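Structure at a glance
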Amino acid sequence: MGYKKLSKEQELQLVEEYKQGTSVIELMNKYGYKTKKSITDKVKKYYPENYEEIIKEAQNSRRGYVYSLEKLTSPFDAYFVGLLLTDGYVLSDRDGLGLDMTDEDVISFVAKTIGTDYKSYNDGIHKTRYRVLITIPGISKQVERFGIVPNKSIILPTPKLLDEEKQFLPYIIRGIIDGDGCVSKTSYGGAQFYICTMSKDFAMWITEVLKNNFFMDDIAIRMSESGLYRIETANQYNILKLIAIVYNRPFGMNRKYNYLRKTFRDYNSDALLDKDDGIVQTTTI
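Description of the structure in this document.

What counts, and where the lines are drawn
- Residue numbering note: each chain is counted from 1, following its sequence as written.
- Thresholds applied to this predicted model are a pLDDT of at least 70 for local features of residues and 80 or more for the giving and counting of side-chain atom pairs; totals over whole chains, interfaces and linings are not thresholded and use all residues.
- Only hydrogens and water are removed before side-chain values are computed, so all heavy atoms of the structure are retained for them.
- The numbering of helices and of strands both runs from the N terminus, where a helix is a DSSP run of H or I of at least 4 residues and a strand a run of E of at least 2.
- Computation of the radius of gyration draws on C-alpha atoms, with the globule rule given as 2.2 Å multiplied by the number of residues to the power 0.38.
- Burial status follows relative accessibility: with a 1.4 Å probe on protein chains alone, a residue under 20% of its type maximum counts as buried, one over 50% as exposed, and anything between as partly exposed.
- A contact between two residues is defined here by any heavy atoms of the two lying within 4.5 Å.
- Only four residue types enter the tally: Lys and Arg on the positive side, Asp and Glu on the negative side, with His and both chain ends excluded.
- Think of each charge as sitting on NZ of Lys, CZ of Arg, CG of Asp or CD of Glu.
- Stacked, tilted and edge-to-face pairs are distinguished by plane angle, under 30 degrees for stacked and over 60 for edge-to-face with tilted covering the rest, among Phe, Tyr and Trp rings (Trp via its six-membered ring) whose centres lie within 6.5 Å.
- Look at NZ for Lys and CZ for Arg. If either is within 6 Å of the ring centre and within 35 degrees of the ring normal, a charge sits over the ring.
- The rule for a salt bridge is simple: a side-chain nitrogen of Lys or Arg has to be within 4 Å of a carboxyl oxygen of Asp or Glu.

Comments concerning the overall build of the protein
Broken down by element type, the protein carries 11 helices and 10 strands. Taking 2.2 N^0.38 as the reference for a compact globule, 285 residues should give roughly 19 Å; the C-alpha atoms of the protein span a radius of gyration of 24 Å, well beyond that estimate. Principal-axis analysis of the C-alpha atoms gives the protein an extent of 80 × 45 × 45 Å. When each of the 285 residues of the protein is scored for burial, the buried share is 46%. Long-range pairs, those at least 24 residues apart, make up 60% of the contacts in the protein between residues at least 6 apart in sequence. Put simply, the protein has 40 plus and 38 minus side-chain charges, and the middle of one group is 4 Å from the middle of the other.

Dropping the structure here:
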């Protein structure tokens, strides 16, 4: 008992509705099936050769968006990876990624760019948090080479980038700073920034990128008794490079973008920052 016998015409109708994006739960209720496999088995029965392609297209249709991190092809991809390296995680119950932050502008920006929605939650004690989930088959595997794996905090390795992806390093670093970094004012009024991580390998990689790719000097790495690594600098030449290379235009988290530029401009009265296009013009510091 429990097996629903359908006519060929009914089965073909079920398959067509599935292909058009009707939810599996709705089809189960409509045609009297108790498992999702009963539905997908009908698809396989009539389309054995391109079954997987149809399943994937139907899932994308029901999801309402398509997104891939198989290769970084834009500043957004890189920024999202930077955020995932810090405040992101791999879902444990399905193939997908999650990003959880207190900054709604970042979560809203990510959700809107990808084409999905996000949710907020509050336990009544802490600040409201915002969460976006990206549930796409295969995406968990795609991000493994960047170091985005389960329980990554301490074991976070050096991200593996393709040569053509290295052009997006500024936005990976921007995502990392927006996630686990801080932009603040020093005791003497200048701007500074730092990034925190529990992984020594990741801390060393960030330092190498800042020095070798962004040409920064005077980068310090400090480790707390709890094992937290902190990469930091208050060198104003480094801040100028950070603005010119990494925070060159509004993108994602505007709070740090605005604060960094204002603090630097207020302290370095002889540096002129064009507010419109992000071009940095300077005489001496």
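Now that the structure is up, let's keep going.
With respect to the packing of aromatic side chains
Under the definition given, this model contains 11 aromatic pairs. With a centroid separation of 5.3 Å and an interplanar angle of 85°, the aromatic rings of Tyr-79 and Phe-251 are classed as edge-to-face. Separated by 172 residues along the polypeptide, Tyr-79 in helix α5 (residues 75-87) and Phe-251 in the loop between α10 (236-246) and α11 (254-267) bring together distant segments of the chain. The two residues Tyr-79 and Phe-251 agree in class, both being buried. Each residue in the set Tyr-67, Phe-76, Tyr-79, Phe-80, Phe-109, Tyr-171 and Phe-251 is aromatic and connected to the rest through ring pairs, giving one cluster. Between Lys-44 and the ring centre of Tyr-51, over which it is positioned, the NZ or CZ distance is 5.6 Å.

Details of the pattern of salt bridges
For the structure on display, the rule yields 14 salt bridges. Measuring nitrogen to oxygen at the nearest pair gives 2.4 Å for the salt bridge that ties Arg-129 to Asp-100. Here the residue Arg-129 occupies a position in strand β4 (residues 129-134), and Asp-100 occupies one in strand β2 (residues 97-101), the gap between them amounting to 29 residues. Given a relative accessible area of 30%, Arg-129 falls into the partly exposed group. Salt-bridge contacts for Asp-163 lead to Lys-166; the nearest nitrogen and oxygen are separated by 3.5 Å.

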